[in-house]
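# Breakdown of the fold
Each chain, written out:
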Protein chains: 2
Amino acid sequence: MSATEHSPLARKLAAFVALSSDELATLMRLHQRRRNFVAGRDMVHQGQSDHAAYILEAGWVCSYKILPDGTRQIVDFQIPGDFLGLRSVLLQTSDHSIEPIGEVQAAEVLVSDLLGAFAQTPRLAAAILWAASRDEAMVVEHLVGIGRRDADSRMAHFLLELGARLALVGLGSKAGYACPLTQYHLADALGLSAVHVNRVLRQLREKGLVTFRDGQVVFHDYDRLVALAEFDPAYLDQTGPLLK
Amino acid sequence: MSATEHSPLARKLAAFVALSSDELATLMRLHQRRRNFVAGRDMVHQGQSDHAAYILEAGWVCSYKILPDGTRQIVDFQIPGDFLGLRSVLLQTSDHSIEPIGEVQAAEVLVSDLLGAFAQTPRLAAAILWAASRDEAMVVEHLVGIGRRDADSRMAHFLLELGARLALVGLGSKAGYACPLTQYHLADALGLSAVHVNRVLRQLREKGLVTFRDGQVVFHDYDRLVALAEFDPAYLDQTGPLLK
């Protein structure tokens, strides 16, 4: 089995650049400090200093902020192949918390590891910056969704984005995907109440577009769902590789 | 006059790392291709390929996305010392548009310039990554603001964030700052109508907290405004430098 088959991150970065075997070896060395995490205990706390970044290998996590009044806003979810905490690893304190959703396997990456790898292989550096840019483009889409989309198209957009991201690492297709999120996760991510989430999901199901039940998202009519969400996946930049 | 006095970016990066004269020289070489822009014409279009990034030297710009139905969401504003389009320079097409607000001077930076500078000076690379992380932390705060803050504290938070950012590059203080934004900019950034923006600003003024009029933001009671917004500037990471 090749390194790209082992590592969802290697598989994802292949959408940007065809990495050489030396570059892949450098990437795989970033995976050395493997750790396991379970639900209910944050991997990184908002306000924590000296926090590491992680490469998520298996399982899902969410990144969130708690406001002083106790309300929670989920910023995004990470799936296998995503970096965790890359944004805040250069900040003195983490600007957000990271919580496992179920069991998680992740490789701890120190800033010094990253800068060392960057100095060795500029193309790998560019690929990791690409992944970071793509992560930020998703946060921007979430901002636009909360600011400007109604609840139905916001939910549809969210489910389609997750499907496209999962497909890139071999965990989903236009038929659907396994999804460990609860309606509370959806509510905190989309700025809706859990009751509202429930109603929106029922409407999407009754229109014959998508069903989310028992840990499975099933697309019934992918194209109509895309039209409802006005989903244009260009910001996910998955049509590459740009660098050969 | 030293390079840090010439360049708002050099001044900003000094909050993260005390750059050596060689590193500053490399940074200043990124400023070679200076260009001027005027309001009403986008510097970068959403969907554009082969777009450059820019270092903003003078003037303000906004980054925004247009939805298929024509509504606009402003993602953030950039002030002198900020990168423009850094997020999307590695994506095949820009995920957003960039529009000057008034007259703007900016230095065009190609991906090859950036990667070349990174290879020469890893500490400068880390500093630019820090600036990118900080930019993303702001987008996350805007997401949280739109998702979870009421209109008054959202506006207060926004005006305080701008003030803190401007202070870092010598363009503002706890007394206030010059601000070229219109109420339409504020509305498109905060997910409010222009009428609502007008009402919120009047309320903040009548409470003796802040006035925004005739291109000037004047803080009347900075501490009470901070309390109203629950503004914690840790995510702006301005207390550094972390690297000596």
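Residues numbered from 1 in each chain as written. Chains lettered and ligands numbered in written order. Predicted model: local features only at pLDDT ≥ 70, side-chain atom pairs only at ≥ 80, totals over all residues. Heavy atoms only, no water.

Further remarks concern the relation of the copies chain A and chain B. It takes a turn of 180° to lay chain A on chain B, together with a shift of 0.0 Å along the axis; the resulting RMSD is 0.0 Å. Here the two chains are linked by the operation of a two-fold rotation axis. Of the C-alpha atoms belonging to chain A, the one lying closest to the rotation axis is found on A:Leu143, 2.4 Å away. The residues that chain A uses at the interface reappear at the interface of chain B in 100% of cases, marking a shared surface. (Least-squares fit on C-alpha atoms with pLDDT ≥ 70 in both. Contact = heavy atoms within 4.5 Å.)

A:Leu13, B:Leu13 and B:Leu181 are the most contacted members of the largest nonpolar core, which totals 146 residues. Here A:Leu13 is in contact with A:Leu19, A:Leu27, A:Leu124, A:Ala127, A:Ile128, A:Trp130 and A:Ala131, once residues within four sequence places are set aside. In this structure, A:Leu143, B:Leu67, B:Val139 and B:Val140 belong to the second largest nonpolar core, which totals 14 residues. (Core = buried A, V, L, I, M, F, W, Y, C linked by side-chain atoms within 4.5 Å. Buried < 20%, exposed > 50% of the residue type's maximum accessible area, 1.4 Å probe, protein only.)

All right, on to the pairing of strand β3 (residues 72-78) of chain B then. All names here are of chain B. Extensive coverage of β3 is indicated by the burial of seven of its seven residues. Judged from the six bridges that link them, strand β2 (residues 53-66) and β3 form a sheet pairing that is antiparallel. Within β3, the residue paired with Lys65 across the bridge is Gln73. (Helix = DSSP H or I, 4+ residues; strand = E, 2+ residues; numbered from the N terminus. Pairing = 2+ DSSP bridges.)

For the structure shown, the criterion picks out 12 aromatic pairs over all chains. Relative to B:Trp130, the ring of B:Phe16 has its centre 5.3 Å away and its plane inclined at 15°; by these criteria the two rings are stacked. Pair noted here: B:Phe16 is in the loop between α2 (8-13) and α3 (21-29) and B:Trp130 is in helix α5 (residues 122-148), with a separation of 114 residues, a long-range link. Judged on exposure class, the residue B:Phe16 and its partner B:Trp130 are both buried. Measuring from ring centre to ring centre gives 6.0 Å for B:Tyr177 and B:Phe219, while their planes differ by 65°; the resulting arrangement is edge-to-face. Of this pair, B:Tyr177 sits in strand β7 (residues 176-178) while B:Phe219 sits in strand β9 (residues 216-219); the two residues are 42 residues apart in sequence, bridging distant segments of the chain. Like B:Tyr177, the residue B:Phe219 is buried in the burial classification. For A:Arg72, the ring lying beneath its charged end belongs to A:Tyr64, and the centroid distance is 5.0 Å. (Phe/Tyr/Trp six-rings, centres within 6.5 Å; stacked < 30°, edge-to-face > 60°. Lys NZ or Arg CZ within 6 Å of the ring centre and 35° of its normal.)

The next thing to look at is the UniProt feature "domain: Cyclic nucleotide-binding" (unreviewed entry) in chain A. Under the UniProt annotation, the feature "domain: Cyclic nucleotide-binding" (unreviewed entry) is placed at residues 15-109 of chain A. The annotated region residues 15-109 of chain A carries 9% helix and 43% strand content, and the separation between its end C-alpha atoms amounts to 22 Å. (UniProt positions renumbered as here; feature names shortened; annotations may be inferred.)

Every disulfide links exactly two cysteines, by a covalent bond between their sulfur atoms. Residues and elements named next belong to chain A. Summed over all chains, the structure comprises zero disulfides over all chains. Left unpaired, Cys179 is separated from the closest cysteine sulfur, that of Cys62, by 12 Å. You can call Cys179 buried: its relative accessible area is 2%. (Disulfide = S-S within 2.5 Å.)

Attention shifts here to empty space enclosed by the protein. Counted under the stated rule, the structure contains five cavities of 30 Å³ or more. Its volume calculated, the largest cavity comes out at about 720 Å³. In terms of lining, the largest cavity is formed by 47 residues, of which the most central are A:Ala132, A:Ser133, A:Glu136, B:Ala132 and B:Glu136. Contributions of two or more residues to the lining of the largest cavity are made by β3 (72-78), β4 (83-84), α4 (111-120) and α5 (122-148) of chain A together with β3, β4 (83-84), α4 (111-120) and α5 of chain B. Per-element tally for the lining of the largest cavity: the top contributor is α5(A), with seven residues. (1 Å grid on protein atoms, 1.4 Å probe; cavity = no way out; pocket = protein on both sides within 12 Å on 5 of 7 lines; lining within 4 Å. Points joined across faces, edges and corners; volume = space filled by probe spheres on them.)

This part takes up the interface of chain A and chain B. On the side of chain B, 47 residues touch chain A, which itself brings 47 residues to the contact. Both faces considered, chain A and chain B share a buried interface measuring about 4,300 Å² in area, 67% of it formed by carbon and sulfur atoms. Of all residues in chain A, A:Leu90, A:Leu143 and A:Arg148 bury the most surface against chain B, accounting for 18% of the area lost on that side. Note that A:Asp188 is salt-bridged to B:Arg148, the shortest N-O span being 3.4 Å. Inspection of the chain A/chain B interface yields eight residue pairs in polar contact (both at pLDDT 80 or more). Looking at the side of chain A that touches chain B, the elements that each hand over two or more residues are β3, α4, α5 and α7 (183-190) of chain A. In terms of residue class, the side of chain A that touches chain B is made up of 23 nonpolar, 10 polar and 14 charged. (Buried area = accessible area lost by both parts, 1.4 Å probe. Salt bridge = Lys/Arg side-chain N within 4 Å of Asp/Glu carboxyl O. Polar contact = N/O pair within 3.5 Å; in protein donor to acceptor, adjacent residues only side chain to side chain. Nonpolar A, V, L, I, M, F, W, Y, C, P; charged D, E, K, R; others polar.)

Moving on, we come to the UniProt feature "domain: HTH crp-type" (unreviewed entry) in chain A. In the numbering adopted here, UniProt assigns the feature "domain: HTH crp-type" (unreviewed entry) to residues 149-223 of chain A. Secondary structure content for residues 149-223 of chain A is 55% helix and 17% strand, and the end C-alpha separation is 18 Å.

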